[in-house]
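# Tertiary structure, described
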Amino acid sequence: MSMNTQEIINIEEQYGAHNYHPLDVVIERAKGIWVWDVDGRKYMDCLAAYSAVNQGHCHPRIVNALKEQAEKVTLTSRAFRNAQLPFLCKELCELTGYEMVLPMNSGAEAVETALKAVRKWGYKVKGVPEYKAEIIACTNNFAGRTISIISFSTEAQYKDGFGPFTEGFKIVEFGNTKALQDAITSNTVGFLVEPIQGEGGVIIPPDGYLKEAYDICRTNNVLMIADEIQSGLGRAGKLFAYEYEGIKPDVVTIGKALSGGCYPVSAVLSSKEVLGVFKPGDHGSTFGGNPLGAAVAREAIKVLIEENLIENSYNLGKYFLEKLKSIQSKHIKEVRGKGLFIGVELKPEAKGARRFCEALKDKGILCKETHENVIRFAPPLVITKDDIDWAFPKIEEVLKMD
Ligand SMILES: *Cc1c(COP(=O)(O)O)cnc(C)c1O
């Protein structure tokens, strides 16, 4: 006998740790931009698993790659080689113009790996005195939940109760190149930045910021690390959001949509000079670079390119953004976005974005509030104009409620 929504929620509440506050919809299956709950209700997914399912839920080609590889070999560990990883690395390098790839699983692991690479580069290549390396991060950043990563978070809740923290990080204001310039010392090895801050509330820095920051890094022999785990792989209307500023960061982290949501796969992209600092035994992961994940990621990347999802994100993002901007609502403070990476920021008087997300859910649209006052619209990139036209009147009605 199948259980209803409330019964299943009760089980999770009793047995699962409460480290999330999900909307009370229990999803049972999904296809493209649509998900269905256990009571048979259908919803448009406007979160896309924080941009991990850019290719749409259960994309047939990616699911097929998963199934085929699952029947061949799933895990070899890196003690042995496998016949998928080399091709994933090669295809990623050819697509992005980087020289080397280091595969991991979660986004946080990719960021940790990038931080380790940049520190080691600092000692081995730049010549920073032992264990004096400094990495600069931005206010309002999000890069995952490990202890080292939360060590440079500016969000009190992410740190509360989790100290002592990792040393060697400095914080500068996001969007402020003067602050970056002033924070750099001869021991600075890296500058970690999200080209668009996702968890921070879809915050887009001023035009020219990334280019200027990049030039400052260049001048000071500091590596720029772009965390494209959420903003990359088509989400912001380009393969990488940094492309809007015509730069090529020294190090890039990717994850989320790298597997189309079918498997945890992340990676660090960089030069031989940087990733070459790793020698056998320096760093690793039992599952990192496994053939199942690699086969899935190869197909997920092909789908992204061959189905023109990046262009679709660019074009329909513009369309969706203009429509959202046309809404006359006393609650809206600002509507902003690039590609299908859109945030609607509400005024403080609106009493939080959560109640709007609940109301959208009741109309068949799943969104999640970010930072109290922002509703993020980031549907799978397979969305069509008709889908947006279906959702728009509902969104408008919800944003106009009292
Ligand atoms: C989600 C995210 C991460 C962390 O990814 P996980 O897979 O959740 O560890 C890191 N950086 C950015 C920008 C993200 O959005």
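Scroll up to find the structure this text is about.
Report follows, based on the coordinates. (Residues numbered from 1 in each chain as written. Predicted model: local features only at pLDDT ≥ 70, side-chain atom pairs only at ≥ 80, totals over all residues. Heavy atoms only, no water.)

## Thoughts on helix α12 (residues 309-325)
Note: α-helices contain 3.6 residues per turn, so residues at a spacing of three or four share the same orientation. With 17 residues, α12 ought to run about 24 Å at 1.5 Å a step, and its terminal C-alpha atoms sit 23 Å apart, in line with that. Within α12 the residues assigned to the buried category are L309, I310, S313, L316, G317, F320, L321 and L324. For α12, the elements touching its buried residues are α11 (291-306), β11 (332-338), β12 (341-346), β15 (374-377) and α14 (385-399). (Helix = DSSP H or I, 4+ residues; strand = E, 2+ residues; numbered from the N terminus. Expected span 1.5 Å × (residues − 1). Buried < 20%, exposed > 50% of the residue type's maximum accessible area, 1.4 Å probe, protein only. Contact = heavy atoms within 4.5 Å.)

## Section: the side chain of N141
Within the element layout of this structure, N141 appears in the loop between β5 (134-138) and α6 (147-150). In this structure the side chain of N141 is engaged in a polar contact, spanning 2.7 Å, whose partner is the backbone oxygen of C138. Once residues lying within four places of it in the same chain are set aside, the contact partners of N141 are F152, S153, T154, I171, E194 and Q197. (Polar contact = N/O pair within 3.5 Å; in protein donor to acceptor, adjacent residues only side chain to side chain.)

## A few points about the sheet that holds β5
Taking strand neighbours across the sheet as the criterion, the seven strands line up as β4-β10-β9-β8-β7-β5-β6 in an open arrangement whose pairing is mixed. With one partner strand each, in any of the chains shown, β4 (100-104) and β6 (169-172) form the two edges of the open sheet. Sheet twist, expressed as the average angle between the axes of neighbouring strands with direction ignored, equals 20 degrees. As judged from the five bridges shared by β4 and strand β10 (residues 266-270), these two strands associate in the antiparallel manner. In the sheet register, V101 faces β10, and the bridge partner there is L269. Relative to strand β7 (residues 188-193), helix α5 (residues 107-126) is tilted by about 155 degrees, and along the sheet it contacts β4, β5, β6, β7, β8 (223-227), β9 (251-254) and β10. Each of β5, β7 and β8 touches helix α9 (residues 209-219); the most contacted strand, β7, lies at about 170 degrees to it. (Pairing = 2+ DSSP bridges. Axes fitted to C-alpha atoms, helices over the stretch in contact; angles between N-to-C directions.)

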